[in-house]
Amino acid sequence: MSITDYKVLSEEELAPILSQVLDRFTTLKEYEFSLWENMIRGECFSIRDEDSWMWMTDFPTQEPCILIFEYRREKRGFEFQRMEDLVNVIGESFNFVFYITSRKIDYLLTQNDHDYLIAAGRAKPWLIDYLEQPRRATDDFVE
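What counts and how
Residues numbered from 1 in each chain as written. Predicted model: local features only at pLDDT ≥ 70, side-chain atom pairs only at ≥ 80, totals over all residues. Heavy atoms only, no water. Phe/Tyr/Trp six-rings, centres within 6.5 Å; stacked < 30°, edge-to-face > 60°. Buried < 20%, exposed > 50% of the residue type's maximum accessible area, 1.4 Å probe, protein only. Lys NZ or Arg CZ within 6 Å of the ring centre and 35° of its normal. Helix = DSSP H or I, 4+ residues; strand = E, 2+ residues; numbered from the N terminus. Core = buried A, V, L, I, M, F, W, Y, C linked by side-chain atoms within 4.5 Å. Contact = heavy atoms within 4.5 Å. Salt bridge = Lys/Arg side-chain N within 4 Å of Asp/Glu carboxyl O.

1. Overview of the packing of aromatic side chains
- Going through the model one piece at a time under the given rule, you end up with 10 aromatic pairs.
- Aromatic pair Phe-69 and Phe-78: ring centres 6.2 Å apart, planes at 90°, arrangement edge-to-face.
- Exposure remark for Phe-69: the relative accessible area of 16% places this residue in the buried category.
- Chaining the aromatic ring pairs together yields one cluster made of Tyr-6, Phe-69, Phe-78, Phe-80, Phe-96 and Phe-98.
- The ring centre of Tyr-71 lies 4.6 Å from the NZ or CZ of Lys-75, which sits over that ring.

Structure (structure tokens):
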């Protein structure tokens, strides 16, 4: 894929990021499997579509993106300079739950194993607006 602009985040580097994700977007104080099941209701928006993970290339961000896995399975993460690169890597991977945020922890995007794209923080209004576009409109959503 020739993506070279990424960094592997060690467990020590990822731990404070994950802690902030828990504080900002979940009801948890410590990681509990699975993270997406513990997101704060009303603070996130979700849609079920098996291809919705591809929409993240349209998420407006100029900041590096951090890819986090379910922590009980993988305690390292990856930081990509471009969302497009991160989405390309996901596209070459087999079905797995993942979380995406920034160093500012101002949004959380996740795709779970039930094909739901879940958006919180500044990603929530983006996803709602995105679905209003005629090519993405659907009634299959959960708030």
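Having seen the model, we can carry on.
2. Side note on the environment of Leu-127
- Following the sequence through the fold, Leu-127 ends up in helix 3 (residues 123-131).
- For the pair Leu-127 and Glu-74, spaced 53 residues apart in sequence, the C-alpha separation works out to 27 Å.

3. Quick word on the nonpolar core
- Counting 26 residues, the largest nonpolar core has Met-56, Met-83, Ile-100, Leu-109 and Leu-127 as the members making the most contacts within it.
- Of all elements in the fold, only strand 2 (44-48), strand 3 (65-69), helix 2 (83-91), strand 5 (98-101), strand 6 (107-111), strand 7 (116-121) and helix 3 reach the threshold of two or more residues within this core.
- Those residues in contact with Leu-127 that lie beyond four places of it in its chain are Phe-45, Ile-47, Trp-55, Leu-117 and Ala-119.
- Ranked by size, the runner-up nonpolar core spans 21 residues in total, among them Leu-18, Leu-35, Val-97 and Leu-108.

4. Considerations on the pattern of salt bridges
- Under the defined criterion, the tally for this structure stands at 7 salt bridges.
- When the shortest N-O distance is used, the salt bridge between Lys-104 and Glu-63 registers 2.8 Å. Taken together, the positions of Lys-104 in the loop between strand 5 and strand 6 and Glu-63 in the loop between strand 2 and strand 3 put the pair 41 residues apart, joining distant regions of the chain.
- A residue is classified by how much of its surface remains accessible, and Glu-63, at 21% relative accessible area, is partly exposed.
- Its salt-bridge partner being Asp-106, residue Arg-122 comes within 2.9 Å of it at the nearest N-O pair. Within this pair, whereas Arg-122 is found in the loop between strand 7 and helix 3, its partner Asp-106 is found in the loop between strand 5 and strand 6, the two being separated by 16 residues in sequence.
- For Arg-122, a relative accessible area of 30% translates into the label partly exposed.
- Note on Asp-106: relative accessible area 19%, which makes it buried.
- Ionic contacts of the salt-bridge type, sharing partners, join the residues Arg-82, Glu-84 and Asp-85 into one network.

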